[in-house]
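Working through the structure, step by step
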Amino acid sequence: MKQQFLKILTAGTEDAILPFLRQLNEKERKSLIPVIRKESEQLYSYVETPANRYSRIGTPEQISILQISTYYCFDRKNIMPTRKWRFPSVTVINDLLADYIPEWLEDYFLQMELSDFHSGLRYPMLLEWIK
């Protein structure tokens, strides 16, 4: 299972991640948390390019896979200290919410509102999602 996740992530095949995650049970999803954390640390990092610019190590597809996997696999205890995580696109979130609403979602939104963190998401949209 971990190898299959890494294969999807390495290849950047976004369309394969949701079917893969949907077929996992809760215990299997939780077993991916350390893998997702490790890969996030690496792929969210930046490196300096030869043109003296900084570029994220992970491709946009890999970052999207990590965002979706975090949404599906992390529980309240693991999501709250995760500052690097950002929501996937609104379209992706709408698809995810039709399928699965994690128990931590409302608390996460409230924490964002109380902190200086701004996700770029509009408050009415957040309210719609946690109904």
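In short, a report on the structure. (Residues numbered from 1 in each chain as written. Predicted model: local features only at pLDDT ≥ 70, side-chain atom pairs only at ≥ 80, totals over all residues. Heavy atoms only, no water.)

1. Describing the overall build of the protein chain
Scanning the protein chain from terminus to terminus reveals 9 helices and 2 strands. For the protein chain, the succession of helices and strands along the chain, N to C, is α-α-α-α-β-β-α-α-α-α-α. The proportion of buried residues among the 131 residues of the protein chain is 40%. Nonlocal contacts in the protein chain, meaning residues at least 24 apart in sequence, comprise 61% of its contacts between residues at least 6 apart. If you sum the accessible surface of the protein chain, you get close to 8000 Å²; carbon and sulfur atoms cover 52% of it. (Helix = DSSP H or I, 4+ residues; strand = E, 2+ residues; numbered from the N terminus. Buried < 20%, exposed > 50% of the residue type's maximum accessible area, 1.4 Å probe, protein only. Contact = heavy atoms within 4.5 Å. Areas by Shrake-Rupley, 256 points an atom, 1.4 Å probe, with all protein chains shown as cover.)

2. Overview of the nonpolar core
Judged by nonpolar contacts, the single largest core of 30 residues is most densely connected at Phe5 and Leu21. Element by element, the count of residues in this core is highest for helix α5 (residues 60-73), at 7 residues. Leaving out residues up to four positions away in the same chain, Leu21 has contacts with Arg29, Leu32, Ile68, Ser69, Tyr72 and Cys73. (Core = buried A, V, L, I, M, F, W, Y, C linked by side-chain atoms within 4.5 Å.)

3. Notes on the environment of Arg29
Examined against the element boundaries, Arg29 turns out to sit in helix α3 (residues 26-31). Among the residues examined, Arg29 registers a relative accessible area of 15% and is labelled buried. Distance from Arg29 to Phe74, taken between C-alpha atoms, is 7.8 Å for residues 45 residues apart in sequence. Non-local contacts of Arg29, meaning those with residues more than four positions away in its chain, are made with Leu21, Leu24, Tyr72, Cys73 and Tyr100. Among the polar contacts made by the side chain of Arg29, one reaches the main-chain carbonyl oxygen of Tyr72 at a distance of 3.3 Å. (Polar contact = N/O pair within 3.5 Å; in protein donor to acceptor, adjacent residues only side chain to side chain.)

4. Examining the packing of aromatic side chains
In total, this model carries 4 aromatic pairs according to the counting rule given. Between Tyr71 and Tyr72, the aromatic rings sit 6.0 Å apart at their centres with planes inclined by 65 degrees, giving edge-to-face as the arrangement. Judged by relative accessible area, which is 0%, Tyr71 ranks as buried. A residue is classified by how much of its surface remains accessible, and Tyr72, at 4% relative accessible area, is buried. Taking 6.0 Å as the distance between ring centres and 90 degrees as the angle between the ring planes, the aromatic pair formed by Tyr71 and Tyr100 counts as edge-to-face. With Tyr71 in helix α5 and Tyr100 in the loop between α7 (90-99) and α8 (105-114), this pair connects stretches of sequence that are 29 residues apart. An aromatic cluster of at least three residues, connected via ring pairs, comprises Tyr71, Tyr72, Tyr100 and Trp104. Against the face of Tyr100 rests Arg29, its NZ or CZ located 5.5 Å from the ring centre. (Phe/Tyr/Trp six-rings, centres within 6.5 Å; stacked < 30°, edge-to-face > 60°. Lys NZ or Arg CZ within 6 Å of the ring centre and 35° of its normal.)

5. What about the environment of Ser89?
Examined against the element boundaries, Ser89 turns out to sit in the loop between α6 (76-79) and α7. Owing to a relative accessible area of 41%, Ser89 belongs among the partly exposed residues under this scheme. Separated by 21 residues in sequence, Ser89 and Ile68 place their C-alpha atoms 9.9 Å apart.

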